[in-house]
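Now for the letters of each chain:
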Amino acid sequence: MGLISLVTFIPLFGILIVLLIPKQNEKAIKIASAVIAFIPLVIASYMWGQFNYSWAGVNNEATFQFVERMKWIPAYNIEYFVGLDGLSFPMFWLTTFISFLAIVASWNINKSVKGYFALFLLLETGMLGVFVSLDFFLFYIFWEVMLLPMYFLIGIWGGPRREYAAIKFFLYTLLGSVLMLIVMLALYFNVTDPVTGGHTFNMLHMMDQSNHSGWLKAVDVRLVLYIMLFIGFAIKVPIFPFHTWLPDAHVEAPTAISVILAGILLKMGTYGIFRISYPIFPDVAVKTAYMLAILGVINILYGAFVAMAQKDLKKLVAYSSVSHMGFVLLGMSTFTDAGMNGALFQMVSHGMITAMLFLIVGVIYDRAHHREIEGFGGLGVSMPIYTGVASLAFFAALGLPGMTGFIAEAMVFIGTFSVYRTLTVIAALGIVITASYVLWTVQRVFLGKLNPKYADLPDINGRELFTLVPLGILVVLFGVYPMPLLNLMRTSMLHLTELIKMVP
C-alpha cells in the first residue's frame, strides 16, 4: 500500500478500532480517534518533505507524485488511480491537519460517542479520497461517501433545527451529485482510452481533447456539460444563488462539523472546477470566465452585506465564508499566474482562518449557551486569552497584513486588475464591508462594558487552545513568509493556466 492509500484509508480502518472499544469507555474512544486522525497528518507532513516542487502533474501522469494505479473493475475500465500534484497536495495536507484538530475539538460530544467518531473518520476518508482521485468514477465514489456521514453528523448531533438543516444539505448536495453523474457518464461514453480504445473514466485521458468523440466536440454539448458540472460544484462552494443550505447547516452543525464544512468541504467545489472542469472543458472555461468573475464579485459583496446584518455569531461567520469564497472565484476566473495561485492560496488560507473562527464560536457557545452578538459585551475583561486568540482570527479574516488572508486577497487583486479592472474595483469594496462587520463584531462582543452575566465565565482552556494555536501560528507564518505554500502550488497552477490558454 502506497503513502496516499495509507493516509486515505487509515481513518477508515480506524473505525474498526473505535467500534471495538466498549461504548461506556467514551474517553478511550475519543483518544483512539485522535490518535487515528493524527497518523495521517504525520504521514502527510512527511510527504510534504518529499514533494518535488518542480513536477507539474495536472494532465501528465509522469509528473504526478506518489502515484498508485491498479485495475479495479476492468470490465468498465475503472481504475484505482490516485496521485498528488501542487493543486491537490495543499488541500490533502490541510484535510489531515484540520480533521485532527476537529477531532480534538469534538471532546465535549457526549451523545452516542462511538457513532459520532466512527462517522467522523469515515468523513475524513471521503474528503481525502476526493483530493487524490484521478479516475472520475473513484472521485465520484469518494464525493458521495462524504455525503452520508455529514448528513448524520448534522442530523443527530446538531442543534434544534438539525433535521431540517441536514435534509436541506443532503438534497442540495445530492442535486449537484446527480448533475455530476450525468456529465461523468457523458464523458465516459465519449472519451476513448488511447491505449485500449475503450471508454474510460481516466481524468487525464478526458483532459486530452484528441480523445473526445465528435459529439463531445460540439460547442453546445460542451457548454451544457460544463454548466451542469459547474452547478454541481457551485452548490458545494457555495456560489450565489446556490448558497442557502450553508447558513442552516453551519448554525445547526456541532462546532467540529462546522469547522470541517467551512475548512474543507466548501473548497471541494472550487477544487472540482480546477481539477475537472477547467482541463476537460478549457474552451468553455475561457468563454464563461467573465460570468464566473461576476459571480465571484456577487459572492464577495452579498456575503459581506448579509454577514453584517447577522445577530447570530455563527451565522455571521457562515456568511463571511460565502464572501471569502468569492475571492477564490474571482481569482480563478482570470487565468493569470497571480490570480490562479491567489485563488488556491485563498482556499488554504480561508480553510485555516474559518476553522479558527468556528472553533472560537464553539468556545463561547459552550460557556454562554447562546451566540447572540448583542448578548455579550466586554468579554475581553473576563476572558483575556480567548479575546486575544479571537482577535487574531477576526483580523486574519479581515485580511490584515502579516496574515494569510492578506496575501491571498492581494494576489487575487494583482491577477484580476489587469483582466477585469472594473470588477476588481467593485470587489475591493468587499474589503471595506468585511472590515466594518468584523470590527463591529469585535467591539460588541469583546470591548466595552462587561455584561455582569458573564463576569465569571472561565477563560479558554488548554484543549481549546491546543486546537486554535496551531492554526494561528500557520496563519501568521504563511502570512509573513508564504513561499513554502506558494512553491508547493505554483508549478501546477502555471501548467494548468498554460493548458487553458493553449485552447484556440
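What counts as what
Residues numbered from 1 in each chain as written. Predicted model: local features only at pLDDT ≥ 70, side-chain atom pairs only at ≥ 80, totals over all residues. Heavy atoms only, no water. Helix = DSSP H or I, 4+ residues; strand = E, 2+ residues; numbered from the N terminus. Contact = heavy atoms within 4.5 Å. Buried < 20%, exposed > 50% of the residue type's maximum accessible area, 1.4 Å probe, protein only. Pairing = 2+ DSSP bridges. 1 Å grid on protein atoms, 1.4 Å probe; cavity = no way out; pocket = protein on both sides within 12 Å on 5 of 7 lines; lining within 4 Å. Points joined across faces, edges and corners; volume = space filled by probe spheres on them. UniProt positions renumbered as here; feature names shortened; annotations may be inferred. Patch = residues over 30% accessible without salt bridge, like charges linked within 9 Å, V, L, I, M, F, W, Y side chains within 5 Å. Areas by Shrake-Rupley, 256 points an atom, 1.4 Å probe, with all protein chains shown as cover. Salt bridge = Lys/Arg side-chain N within 4 Å of Asp/Glu carboxyl O. Phe/Tyr/Trp six-rings, centres within 6.5 Å; stacked < 30°, edge-to-face > 60°. Lys NZ or Arg CZ within 6 Å of the ring centre and 35° of its normal. Expected span 1.5 Å × (residues − 1). Polar contact = N/O pair within 3.5 Å; in protein donor to acceptor, adjacent residues only side chain to side chain. Lys, Arg positive; Asp, Glu negative; His and termini not counted. Core = buried A, V, L, I, M, F, W, Y, C linked by side-chain atoms within 4.5 Å.

**Here's the deal with the side chain of Thr8**
Okay, step 1: Take Thr8: it is sitting in helix 1 (residues 3-20).
Okay, step 2: With residues up to four places along the chain from it excluded, the contact list for Thr8 reads Phe92, Thr125, Leu128, Gly129, Val132 and Phe142.

**A word on the pairing of strand 2 (residues 78-84)**
Looking along a regular strand, one sees the side chains alternate between the two faces of the sheet.
Okay, step 1: The element strand 2 is largely enclosed, with a buried count of seven among its seven residues.
Okay, step 2: Across the two faces of strand 2 the burial is the same, with Ile78, Tyr80, Val82 and Leu84 and Glu79, Phe81 and Gly83 all buried.
Okay, step 3: Bridge count between strand 1 (residues 65-73) and strand 2: six bridges; the pairing is antiparallel. Across the sheet, Lys71 pairs through a bridge with Glu79, a residue of strand 2.
Okay, step 4: Once strand 1 ends, the chain turns through four residues before running back antiparallel as strand 2, passing Asn77 with a positive phi of about 55°.

**Focus on empty space enclosed by the protein**
Okay, step 1: The full count for this structure, using the stated rule, is five cavities of 30 Å³ or more.
Okay, step 2: Considering only enclosed or pocket space, the largest cavity measures out at about 110 Å³ in volume.
Okay, step 3: Considering the residues around the largest cavity, the lining is formed by Ala105, Asn108, Thr255, Leu359, Gly362, Val363, Asp366, Arg463, Glu464, Thr467 and Leu468.
Okay, step 4: In this structure, the second largest cavity spans a volume of roughly 70 Å³.

**Quick word on unusual backbone geometry**
Okay, step 1: The omega torsion of the bond from Val237 to Pro238 falls at -10°, within 30 degrees of zero and hence cis.
Okay, step 2: Looking at the secondary structure, you find Pro238 in the loop between helix 9 (219-236) and helix 10 (245-252).
Okay, step 3: The amide bond that connects Phe240 to the next residue, Pro241, takes the cis arrangement and shows omega of 10°.
Okay, step 4: Structurally, Pro241 is set in the loop between helix 9 and helix 10.
Okay, step 5: A positive phi angle, near 60°, is found at Val58, a position not held by glycine.
Okay, step 6: Tracing the sequence through the fold places Val58 in the loop between helix 2 (26-50) and strand 1.
Okay, step 7: One non-glycine residue, Phe66, adopts positive backbone phi at about 60°.
Okay, step 8: Secondary-structure assignment places Phe66 in strand 1.
Okay, step 9: Residue Phe66 is classed as partly exposed on the basis of its relative accessible area of 22%.

**A short note on the UniProt feature "domain: NADH:ubiquinone oxidoreductase chain 4 N-terminal" (unreviewed entry) in the protein chain**
Okay, step 1: According to UniProt, the "domain: NADH:ubiquinone oxidoreductase chain 4 N-terminal" (unreviewed entry) feature falls on residues 30-123.
Okay, step 2: For residues 30-123, the helix share is 52%, the strand share is 17%, and the end-to-end C-alpha distance is 16 Å.

**Structural notes on a nonpolar patch on the surface**
Okay, step 1: A cluster of nonpolar side chains, contributed by Met1, Leu6, Phe13 and Leu16, occupies part of the molecular surface with about 440 Å² of accessible area.
Okay, step 2: Its place among the elements puts Phe13 in helix 1.

**Quick word on the packing of aromatic side chains**
Okay, step 1: Within this structure, the stated rule accounts for 34 aromatic pairs.
Okay, step 2: Taken together, a centroid distance of 5.0 Å and an interplanar angle of 40° make the contact between Phe51 and Phe89 tilted. Of the two residues, Phe51 sits in the loop between helix 2 and strand 1 while Phe89 sits in helix 3 (residues 89-105), which places them 38 residues apart along the sequence. The pair Phe51 / Phe89 is uniform in exposure class, with both members buried.
Okay, step 3: On the numbers, 4.9 Å between centres and 75° between planes, the contact of Tyr188 with Phe189 is edge-to-face.
Okay, step 4: Three or more aromatic residues joined by ring pairs form one cluster here, namely Trp48, Phe51, Tyr53, Phe89, Phe92, Trp93, Phe97 and Phe478.
Okay, step 5: Here the basic side chain of Arg371 rests over the ring of Tyr365, its NZ or CZ set 5.0 Å away from the ring centre.
Okay, step 6: Arg444 extends its terminal NZ or CZ atom over the ring of Trp440, reaching a point 3.7 Å from the ring centre.

**Quick word on the environment of Gly472**
Okay, step 1: With respect to the element layout, Gly472 can be found in helix 20 (residues 462-480).
Okay, step 2: For Gly472, a relative accessible area of 5% puts it in the buried group.
Okay, step 3: Beyond its immediate stretch of four places on either side in the chain, Gly472 contacts Met356 and Leu392.

**Considerations on helix 5 (residues 136-157)**
Okay, step 1: If you check helix 5, its first and last C-alpha atoms are 32 Å apart, about what 22 residues at 1.5 Å a residue would give, namely 32 Å.
Okay, step 2: Structurally, the start of helix 5 carries an N-cap: the backbone nitrogen of Phe137 is 2.9 Å from a side-chain oxygen of Asp135.

**Points about helix 3**
Okay, step 1: Here helix 3 contains 17 residues, and its C-alpha end-to-end distance of 24 Å stays within 8% of the 24 Å for a straight helix at 1.5 Å per residue.
Okay, step 2: Counting buried residues along helix 3, 17 of its 17 residues qualify, which places the element largely inside the surrounding structure.

**A word on the side chain of Glu252**
Okay, step 1: Mapped onto the secondary structure, Glu252 falls in helix 10.
Okay, step 2: Of the side chains with opposite charge, Arg161 comes closest to the buried, unpaired Glu252, at an N-O distance of 4.1 Å.
Okay, step 3: Looking at Glu252, its side chain comes within polar contact range of the main-chain nitrogen of Arg161, at 2.9 Å.
Okay, step 4: Excluding residues within four positions of it along the chain, Glu252 makes contact with Gly158, Gly159, Pro160, Arg161, Arg162 and Ala165.

**Overview of the environment of Leu223**
Okay, step 1: In this fold, Leu223 is placed in helix 9.
Okay, step 2: Note: C-alpha distance between Leu223 and Val284 (61 residues apart in sequence) is 6.1 Å.
Okay, step 3: Excluding its chain neighbours within four sequence positions, the residues that come into contact with Leu223 are Val284 and Thr288.

**So, the nonpolar core**
Okay, step 1: Counting 202 residues, the largest nonpolar core has Phe136, Phe139, Ile154, Phe274 and Tyr278 as the members making the most contacts within it.
Okay, step 2: Of the residues forming this core, the biggest block, 18 residues, is contributed by helix 15 (residues 337-368).
Okay, step 3: In contact with Phe136, not counting residues within four places along its chain, are Met180, Met184, Leu187, Phe201, Met203, Met206, Leu229 and Ile276.

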